[in-house]
Amino acid sequence: MSKRTIIPFGPQHPVLPEPVHLDLVIEDERVVEAIPSIGYIHRGLEKLVEKREYTEMVYVIERVCGICSFGHGWGYCKSVEGNMEIVVPERAEYLRCIWHELSRIHSHLLWLGLLADGFGFESLFMHSWRIRESILDIFEKTTGGRVIFSVCKLGGVRKDISAEGLAEIAGILEGIKGELTELTEVFLEDYSVKNRLVGVGKLSYSDAVELCTVGPMARASGVVQDIRLDGHGAYGKLDFAPVTEEAGDCYARCKVRIREVFQSIAMITQAIAQIPEGDIAVPVKGMPQGEFVARMEQPRGEAYYYSIGNGSKFLQRMRVRTPTNMNIPAMVKTLQGCDLADVPMLILTIDPCISCTER
Amino acid sequence: MSYVTKSPWVIHYDGSSCNGCDIEVLACLTPMYDVERFGIINTGNPKHADIFLVTGSVNEQNIPVIKQIYEQMPRPKVVVAIGICATSGGIFKECYNIMGGVDTVIPVDVYVPGCAARPEAIIDGVVKGLGVLAEKRAKLPAEIAEEKRQASEDAFGAGAAAETSAPETSGPETSGPETSGKEED
Ligand code: SF4
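Bear in mind that the values here come from a model prediction, so they are computed numbers and not experimental data. (Residues numbered from 1 in each chain as written. Chains lettered and ligands numbered in written order. Predicted model: local features only at pLDDT ≥ 70, side-chain atom pairs only at ≥ 80, totals over all residues. Heavy atoms only, no water.)

### Observations regarding the overall build of chain A
So, step 1. Scanning chain A from terminus to terminus reveals 12 helices and 8 strands.
So, step 2. The C-alpha atoms of chain A give a radius of gyration of 20 Å, which matches the 21 Å a tight globule of 359 residues would have.
So, step 3. For chain A, the spread of C-alpha atoms along the three principal axes comes to 70 × 45 × 35 Å.
So, step 4. When burial is assessed residue by residue, chain A has 63% of its 359 residues classed as buried.
So, step 5. If you take every contact in chain A between residues at least 6 apart in sequence, the share linking residues at least 24 apart comes to 70%.
So, step 6. Here chain A has roughly 12,400 Å² of accessible surface; of this, 52% comes from carbon and sulfur atoms.
So, step 7. Between the averaged position of the 39 positive side-chain charges in chain A and that of its 48 negative side-chain charges there is a distance of 4 Å. (Helix = DSSP H or I, 4+ residues; strand = E, 2+ residues; numbered from the N terminus. Rg over C-alpha atoms; globule rule 2.2 N^0.38 Å. Buried < 20%, exposed > 50% of the residue type's maximum accessible area, 1.4 Å probe, protein only. Contact = heavy atoms within 4.5 Å. Areas by Shrake-Rupley, 256 points an atom, 1.4 Å probe, with all protein chains shown as cover. Lys, Arg positive; Asp, Glu negative; His and termini not counted. Charge placed at Lys NZ, Arg CZ, Asp CG, Glu CD.)

Okay, here's the thing in structure tokens:
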């Protein structure tokens, strides 16, 4: 029996731009245990509700995470709107869906790039990020920002997209489909990529359920779970089915996300075809009172937004529970017994967003 | 600047940013902006880096990490604070776990404002950093000579054997980049 060694992994390391620390207990090349420690980017932004008015808090919550920034803003708005019983105009709901799905495409492409970088396929990384730039261009054109755009506000959205703008978005998405298909072929068919992904880091269905995994991580293990199915926003009027895979390995997780990119494109196209005319926001009057929990399907999975108001302009408490938080136990589970060389892969396939996790 | 006379290697550390600035830093390296064509490479190893890009503000837990990376970088080195968080704490300034901008821990040479800082601005900041780097490089021999003189003076003053220590790379521990199974390309 070989000696056990502990290898510290992180917080600064080339796999992830974000700091996370893991103590890897290894025996030869095999990881026996992984002990995560987080807290490098804890900011404590939930406490800011005591200093920021509930209408201003949107800007803070958007900065929970720069990748799914729009979704966080929406989640917060949804929670406070529920609190104050505000009915958001239909057009605004559609616009929110469009931006949210665009965020999902951008997030997944970003992840695909990082994954490619993780297994050392640089050109694939570059291509994923190149395609992602066309999505960022859409954001910039429609909202003015590339990653953080503060377009969601209480009662609706801040900016409208003209009919021509919507047609242009549809055109751009149609245009990138071809490139995406090419990219997909490499990710899913390439011999060397498959070697790195297939059968690595298996998470069974029962483990996925037991460890409360969410999002693509759960769906890759066959768990049918997608908060968009509850039909909030305009999702009720769009036709889609959650993407699931059975295998539960890195390859399945990659496949789920690639399929979701195409799904999001289809959903945006549908939304653009159906979007009604009308107002994009309603005025917000009064103060939040009572509690409300809103759930969102972020690119990484289910997120919770809890808010409780006490009739003043400051919320009493605001709580965000983000998807990575829920997926860390599953990550630790898949790390047990893996090869040391696969560690970056396994960490990446949960699509960790540490800044969400620690807030 | 019509010519870039140096291709700096950069190292990036995320203090407590929201990711917005990080992904913009990475976006600089990818095809749309592609600073790699100028030979600018993002390295994971502080000892290879000339420019330290920090996003996000500092907190109790990441101070040692930031300091370690900074100390491990060979001189001359430049620190670029990216985003308003790294500059002053930005939107999170009043959070209980935020101690302020990066300049509370290490000296910062260039500040890139913005929330999120745009890739163009980040590239501008790095180019500006190149100027600072050149200045620092010019001053370095004199600085080292001064340090050596100081050190030998101290040693004589204390009556101990003269020991002129090399000034750079004082951190013996590594912060872990070598252990990730993929060090650098
Ligand atoms: S400056 Fe803005 S975008 Fe950048 S890390 Fe801070 S909050 Fe995020």
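### Section: the interface of chain A and chain B
So, step 1. On the chain B side, the residues contacting the 50 residues of chain A number 47 residues.
So, step 2. Taken together, the connections running from chain A to chain B amount to 10 residue pairs in polar contact (both at pLDDT 80 or more).
So, step 3. Broken down by secondary-structure element, the contributors of at least two residues to the side of chain A that touches chain B are strand 1 (4–9), helix 1 (57–62), helix 3 (90–118) and helix 4 (122–143) of chain A.
So, step 4. Examining the composition of the side of chain A that touches chain B, we find that 9 residues originate from one element, helix 4 of chain A, more than from any other. (Polar contact = N/O pair within 3.5 Å; in protein donor to acceptor, adjacent residues only side chain to side chain.)

### Remarks on the site of the ligand
So, step 1. Around the ligand sit Arg63 and Ile148 of chain A together with Ser17, Cys18, Cys21, Gly83, Ile84, Cys85, Phe92, Gly114, Cys115 and Ala116 of chain B, and that is every residue in its neighbourhood.
So, step 2. Site remark: the ligand is flanked by residues from chains A and B.
So, step 3. Judged by its atoms lying within 2 Å of the grid points, the ligand is housed in the second largest cavity.
So, step 4. It is helix 3 (residues 83–88) of chain B that provides the largest number of residues to the shell around the ligand, a total of 3 residues.
So, step 5. Partitioning the shell around the ligand into residue classes produces 8 nonpolar, 3 polar and 1 charged. (Near = heavy atom within 4 Å. 1 Å grid on protein atoms, 1.4 Å probe; cavity = no way out; pocket = protein on both sides within 12 Å on 5 of 7 lines; lining within 4 Å. Sits in = over half its atoms within 2 Å of the grid points. Nonpolar A, V, L, I, M, F, W, Y, C, P; charged D, E, K, R; others polar.)

### Side note on the packing of helix 2 (residues 69–84) of chain A against helix 3 of chain A
All names here are of chain A.
So, step 1. Viewed as axis vectors pointing N to C, helix 2 and helix 3 meet at an angle of 145°, and their least axial separation amounts to 9 Å. The crossing of helix 2 and helix 3 is left-handed. Each of Phe70, Gly71, Trp74, Cys77 and Glu81 in helix 2 lies in contact with helix 3, whose residues at this interface are Glu93, Arg96, Cys97, Trp99, His100 and Ser103.
So, step 2. Across the contact of helix 2 with helix 3, the residue classes tally to 5 nonpolar, 3 polar and 3 charged. (Axes fitted to C-alpha atoms, helices over the stretch in contact; angles between N-to-C directions. Left-handed = near helix turned anticlockwise from the far one by under 90°.)

### Digging into empty space enclosed by the protein
So, step 1. Following the criterion strictly, the structure yields 5 cavities of 30 Å³ or more and no others.
So, step 2. The calculated volume of the second largest cavity comes to roughly 70 Å³.
So, step 3. Taken together, Arg63 of chain A together with Ser17, Cys18, Cys21, Gly83, Ile84, Cys85, Ile91, Phe92, Gly114 and Cys115 of chain B form the lining of the second largest cavity.
So, step 4. Considering every element that reaches the lining of the second largest cavity, the biggest residue donor is helix 3 of chain B, with 3 residues. (Points joined across faces, edges and corners; volume = space filled by probe spheres on them.)

### What to know about the packing of helix 5 (residues 163–189) of chain A against helix 9 (residues 250–274) of chain A
All names here are of chain A.
So, step 1. Running from N to C, helix 5 and helix 9 cross one another at 165°; their axes reach a closest spacing of 10 Å. With respect to helix 9, the axis of helix 5 lies roughly antiparallel. Here the hand of the crossing between helix 5 and helix 9 comes out left-handed. Between helix 5 and helix 9, the residues in contact are Leu166, Ile169, Ala170, Leu173, Lys177, Leu180, Thr181, Thr184, Phe187 and Leu188 and Tyr251, Cys254, Lys255, Ile258, Val261, Phe262, Ile265, Ile268 and Ile272, respectively.
So, step 2. Residue composition of the contact of helix 5 with helix 9, by class: 15 nonpolar, 2 polar and 2 charged. (Parallel < 35°, antiparallel > 145°, perpendicular 65-115°, else oblique.)

### Observations regarding helix 3 of chain A
Residues and elements named next belong to chain A.
So, step 1. When the terminal C-alpha atoms of helix 3 are compared, their 41 Å separation across 29 residues agrees well with the 42 Å that a helix rising 1.5 Å per residue should span.
So, step 2. Of all the 29 residues making up helix 3, 28 are buried; the element is thus mostly covered by neighbouring parts of the structure.
So, step 3. At the C-terminal side of helix 3, Gly120 shows a positive phi close to 80°. (Expected span 1.5 Å × (residues − 1).)

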